[in-house]
Amino acid sequence: MARALRALVAAALLLGPDAGPAPAAPAPRLLAGAAGVTVELPADTPLGGYGGFPRRAWMPDLIGRFPDTFWFRPSTGVHDPIKVRALVLEAGGVRLLWLGVDLVGMDPTLVADLRRRLDQLGLRYAAVIAAASHTHSGPGAYAQSSLFGFLALDRESPRVRGRIFSAMEDAARQAERRKRPATVGTGRSEVTGLTDSRVHEAVDPELGVLKVMGTDNRPVAVIWNYAIHGTALGRENFQLSGDVMGDASARIEEQLGVPALFVNGAVGDVSPRQRGWDGVAAGGKSLAGAVVALWPRIAADPEQRLAATSVTASLPPPGVELRNCLGRWIPRGTRLGLRAALPPSAEVWVVAVGRGAWAAIPGEPDTRLGLAIKTAGRARFASTFVAGVSNGYQGYFLAPEHFRTSSYISCGSLYGERGGELVSDAAIAGLRELAERRAPRPVKPGR
C-alpha cells in the first residue's frame, strides 16, 4: 500500500500543473561545407552589364567571326578569375545551398536547371539562393532571355552558359562532399565613404557577415553582404573581372583561407564612389579589411537552426514607363508592354540561419525598400539582410516616389509604381512566417 501511494505521488508531481515546462529539445546538429570554383570561359566571351558602345558592336556578327558573341564585342582577356562559390548548410532536416556568382544578374533558368540536376543526384534543398555579385565586367551570353540578351548580356551562347552551369554544379557538389559539423554566427559593422546615392538620399553603410566555423575551430566559409554597384569599372573595360566585390572576396579568402561568398544588398540606387582599377583596389581593400576585422568578434549563435520559405508577389503587368526614360514631355501612362518577356510575379525567398534572416530579391531593390525589409525583420530576428540580384533578374524595384521621378533607375523599373512595395511586402511576409514557425510553442498546463 505504501509503495502504491508513493507511486501515485510521483505521478502527480510529474504530470500535475506545477510540473513546469518539458525540457527543451536539443538544438539540431549543423553541418556546413563550402567550395570555390573558377569558371573557365571561351576566349571570345562578351562582357555583360553595359548595353551601349563601345562594348556593343557597330554591326551584329552575322558572319560568325566569333562563335560566342553577336550583339557585343568579345572580351580581351581575364583580369581576375570569374568565380562560383558555394556553401551548403544542413540542420534539423533542412538543407540550404548558397551560391555566390560573378555575374551581373542571375538567369532564373540557370537556377531551375541546377535544382533539377541536383535533384537527379539526390541533393534536394529547402532553398537555393544563387546571388549574382552584380559585376558589370563579368561574362555575358549566359541567359535565355532575348530581352536582356539584346540590352546588356548578348545573345545566349551554349558554350558560355554551359561552363557557368558546370562551375555552379561543381561548386555545389564539392561543398556537399566537404560538409562537417559547424556553427554559424552573424555580425554587423559599417563601411562609409565607398558609395553614393543615385537619388541623392542617405545610403545604407551596413556590412553584414555570416561566419561559418567548424566545431574543430577551423573556418568553413564567410558570406558577406554590402550594397554596392559593380560599376567601378566602366564600359571602356574589356577584361573579365569581378569588379570591386571580386577584389574584396579575393582579399578575404587570402586572409581567412576559406570561400568568401559576396551577396549584394539593396543596390538599386547605390553606386561606387571610386572608379577605375585604382577604385577597385581601394574599395576591395576597405571592404575586405572590414570583414576580416569583424570576423573574430562574431560569436556562434545560441541557435543553430535553419528554415526557409518563399512568397510569390503578384505584380502589375510589366512594361517600360516611357516618361521615366524620355522625360516629362511624354504623357504619364505611356508604356511599352513587356508581358511576353517578363514573368507576372516575383518569387521572394526568405531563409533563417541561426538568429539571422536573409530576404532574396530577384532584382535590384532601392535603399528605402531594403531598409523597410531590414527594419521589419529585426523586430523578429537578431539580424536581417537583403540579398539583391538573387535567383533571377526582373529589373529595379523602387519606392513609389523614386519610380515617379524620371531617371535611369526608374526607366529600368518594369512593374509600375507599386511593384517595389509589393516585392518588399512579400519579403516582410516571409520573415513573419519564418519567425512564427520558429517561435517556441507554449507549454499547456498539465502537459
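Residues numbered from 1 in each chain as written. Predicted model: local features only at pLDDT ≥ 70, side-chain atom pairs only at ≥ 80, totals over all residues. Heavy atoms only, no water.

**Some thoughts on the overall build of the chain**
Within the chain one finds eleven helices and 22 strands. The 447 residues of the chain split such that 57% are buried. Counted over contacts in the chain with a minimum sequence separation of 6, partners at least 24 positions apart contribute 79%. Here the chain displays about 19300 Å² of accessible surface, and carbon together with sulfur accounts for 55% of that area. Here the chain contributes 52 positive and 41 negative side-chain charges, whose respective centroids are spaced 6 Å apart. (Helix = DSSP H or I, 4+ residues; strand = E, 2+ residues; numbered from the N terminus. Buried < 20%, exposed > 50% of the residue type's maximum accessible area, 1.4 Å probe, protein only. Contact = heavy atoms within 4.5 Å. Areas by Shrake-Rupley, 256 points an atom, 1.4 Å probe, with all protein chains shown as cover. Lys, Arg positive; Asp, Glu negative; His and termini not counted. Charge placed at Lys NZ, Arg CZ, Asp CG, Glu CD.)

**Regarding the pattern of salt bridges**
Evaluated as defined, the whole model comprises 26 salt bridges. The closest approach of N and O atoms between K179 and E176, which form a salt bridge, is 3.0 Å. Judged by relative accessible area, which is 24%, K179 ranks as partly exposed. Residue classification places E176 among the buried residues on the basis of a relative accessible area of 10%. As a salt-bridge pair, R368 and E201 come within 2.8 Å of each other at their nearest N and O atoms. You can see R368 sitting in helix α8 (residues 367-377) and its partner E201 sitting in the loop between β9 (195-197) and β10 (206-214), a full 167 residues away along the chain. Judged by relative accessible area, which is 35%, R368 ranks as partly exposed. What you see here is one network of salt bridges that share partners, running through D107, D113, R116, E156 and R161. (Salt bridge = Lys/Arg side-chain N within 4 Å of Asp/Glu carboxyl O.)

**Digging into the packing of aromatic side chains**
Applying the stated criterion across every chain, the model contains nine aromatic pairs. When the ring of W71 is compared with that of F150, the centres are 5.0 Å apart and the planes differ by 85°; the resulting orientation is edge-to-face. Highlighted residues: W71 in the loop between β2 (47-48) and β3 (77-78) and F150 in helix α3 (residues 146-153), separated in sequence by 79 residues. Between F397 and Y415 the ring centres are 6.2 Å apart and the planes differ by 20°, which places this aromatic pair in the stacked class. Taken together, the residues span a long stretch of sequence, with F397 in strand β22 (residues 396-397) and Y415 in the loop between α10 (408-411) and α11 (419-438) at a distance of 18 residues. Here F397 falls in the buried class, since its relative accessible area comes to 2%. Members of the aromatic cluster, joined through ring pairs, are F70, W71 and F150. (Phe/Tyr/Trp six-rings, centres within 6.5 Å; stacked < 30°, edge-to-face > 60°.)

**Description of the sheet that holds strand β13 (residues 260-264)**
Ordered in space as β6-β5-β4-β1-β8-β10-β11-β13, the eight strands form an open sheet in which the pairing is mixed. At either end of the open sheet lies a strand with only one pairing partner, and these are β6 (127-132) and β13. Going from strand to strand, the sheet's axes swing by 20° on average, the running direction of each strand aside. The sheet contacts of helix α5 (residues 243-256) involve β4 (83-91), β11 (219-226) and β13, and relative to β11 the element is tilted by about 150°. (Pairing = 2+ DSSP bridges. Axes fitted to C-alpha atoms, helices over the stretch in contact; angles between N-to-C directions.)

**Quick look at the nonpolar core**
Core analysis: the largest hydrophobic core is formed by 73 residues, its most contacted members being L97, L99, Y142 and I164. Considering every element that reaches this core, the biggest residue donor is helix α4 (residues 158-177), with eight residues. In this structure, Y142 is in contact with L103, V104, G105, D107, L110, L153, E156, V160, R161 and I164, ignoring residues within four places of it in sequence. Of all hydrophobic cores here, the second largest spans 30 residues; its members include A32, A91, I129 and V353. (Core = buried A, V, L, I, M, F, W, Y, C linked by side-chain atoms within 4.5 Å.)

**Regarding the pairing of strand β5 (residues 94-101)**
β5 sits mainly inside the fold: eight of its eight residues count as buried. Alternating residues of β5 divide into V94, L96, W98 and G100 and R95, L97, L99 and V101, and every residue in both groups is buried. Two strands pair when backbone bridges link them, and β4 and β5 are joined in this way by eight bridges, in the antiparallel orientation. The residue bridging R85 from the neighbouring strand is G100, located in β5. Of the pairings in the sheet, the one linking β5 to β6 comprises six bridges and is parallel in character. Its bridge partner being in β6, W98 is matched across the sheet by I129. Once the chain exits β5 it traverses helix α2 (residues 108-120) before rejoining the sheet at β6, and the crossover so formed is right-handed. (Right-handed = clockwise from strand over helix to strand, strands pointing away.)

**Considering a nonpolar patch on the surface**
Together, F53, W58 and M59 give the surface a local cluster of nonpolar side chains, amounting to about 440 Å² of exposed area. Along the chain, M59 falls in the loop between β2 and β3. (Patch = residues over 30% accessible without salt bridge, like charges linked within 9 Å, V, L, I, M, F, W, Y side chains within 5 Å.)

**Looking at the packing of α8 against α11**
A pair of packed helices is captured by two measures, namely the crossing angle of their axes and the spacing between those axes. Running from N to C, α8 and α11 cross one another at 20°; their axes reach a closest spacing of 9 Å. When the axis of α8 is compared with that of α11, the two are roughly parallel. For the element pair α8 and α11, the recorded crossing hand is right-handed. Side by side, α8 and α11 meet where L369, A372, I373, A376 and G377 of the first sit next to G420, E421, S424, A427, I428 and L431 of the second. Of the residues belonging to the contact of α8 with α11, the class tally is seven nonpolar, three polar and one charged. (Parallel < 35°, antiparallel > 145°, perpendicular 65-115°, else oblique. Left-handed = near helix turned anticlockwise from the far one by under 90°. Nonpolar A, V, L, I, M, F, W, Y, C, P; charged D, E, K, R; others polar.)

**Examining α3**
Among all positions of α3, only F148, G149, A152 and L153 are buried. Buried residues of α3, viewed axially, fall in a sector of 115°; they line one side. Those residues of α3 that are buried are in contact with β2. Sitting at the amino-terminal end of α3 is S145, which places a side-chain oxygen 3.4 Å from the backbone nitrogen of L147. With its phi angle positive at about 80°, D154 sits one or two positions after the end of α3. (Arc of directions from axis to C-beta. Polar contact = N/O pair within 3.5 Å; in protein donor to acceptor, adjacent residues only side chain to side chain.)

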